Amino acid sequence: QAQLVESGGGLVQAGGSMRLSCRTSRTIFGIASMGWYRQAPASQRELVATITRGGSVDYADSVKGRFTISRDSAKNTVYLQMNSLKPEDTAVYYCNFVDGLSTQFWGQGTQVTVSS
């Protein structure tokens, strides 16, 4: 099965920016959507942003206006540009691909820590 490889996490001060990337280890055909989720300690995993094959995007209310999801379909890569970061954005961020058969693929997660 294809694996998703994330990069770009780390430590940043509040108000700063960070960009996450996620690519597949091998081609996934018929990707229907790509997205980012996050999970903070003692919390459930929550949707951050998604982008569909048609280019429609959706964001959690908490990140609207600060985060931007984009993709390079030719490279099966999805990005998450995060600006104006807040301490409450601290979490492990996971990328997620869904193919045309609704099979989900998950990355291993990358830690994002925002210091106040």
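This text goes with the structure placed above it.
The structure displayed is predicted, hence computed values, not measured ones.

Caption draft 1: Expanded view of the pattern of salt bridges. In total, this model carries four salt bridges according to the counting rule given. Among the salt bridges present, the one from E46 reaches R38, with a minimum N-O distance of 2.7 Å. When its relative accessible area of 6% is taken as the criterion, R38 is described as buried. Overlapping salt bridges bring together R38, E46, R66 and D89 as one network.

Caption draft 2: The arrangement of the nonpolar core in detail. Counting 28 residues, the largest nonpolar core has W36, L80, M82, Y93 and F97 as the members making the most contacts within it. Listed by contribution, the elements that provide at least two residues to this core are β3 (18–24), β4 (31–39), β5 (46–52), β7 (67–72), β8 (77–82), β9 (91–99) and β11 (110–115). Sort the elements by how many residues they give to this core and β9 lands first, with four residues.

Caption draft 3: Up close: unusual backbone geometry. Positive phi values are uncommon outside glycine, yet S84 reaches one of about 50°. Among the structural elements, S84 can be located in the loop between β8 and β9. Phi at S102 takes a positive value of approximately 65°, unusual for a residue other than glycine. Its location among the elements puts S102 in the loop between β9 and β10 (104–106).

Caption draft 4: Here's a closer look at the state of the cysteines. Enumeration over the complete set of coordinates arrives at one disulfide. Two residues, C22 and C95, share a disulfide whose sulfurs are 2.0 Å apart. Because the torsion about its S-S bond is 40°, the bridge between C22 and C95 counts as right-handed. Of this pair, C22 sits in strand β3 while C95 sits in strand β9, and the two are 73 residues apart along the sequence.

Basis of the calculations
Residues numbered from 1 in each chain as written. Predicted model: local features only at pLDDT ≥ 70, side-chain atom pairs only at ≥ 80, totals over all residues. Heavy atoms only, no water. Salt bridge = Lys/Arg side-chain N within 4 Å of Asp/Glu carboxyl O. Buried < 20%, exposed > 50% of the residue type's maximum accessible area, 1.4 Å probe, protein only. Core = buried A, V, L, I, M, F, W, Y, C linked by side-chain atoms within 4.5 Å. Helix = DSSP H or I, 4+ residues; strand = E, 2+ residues; numbered from the N terminus. Disulfide = S-S within 2.5 Å.

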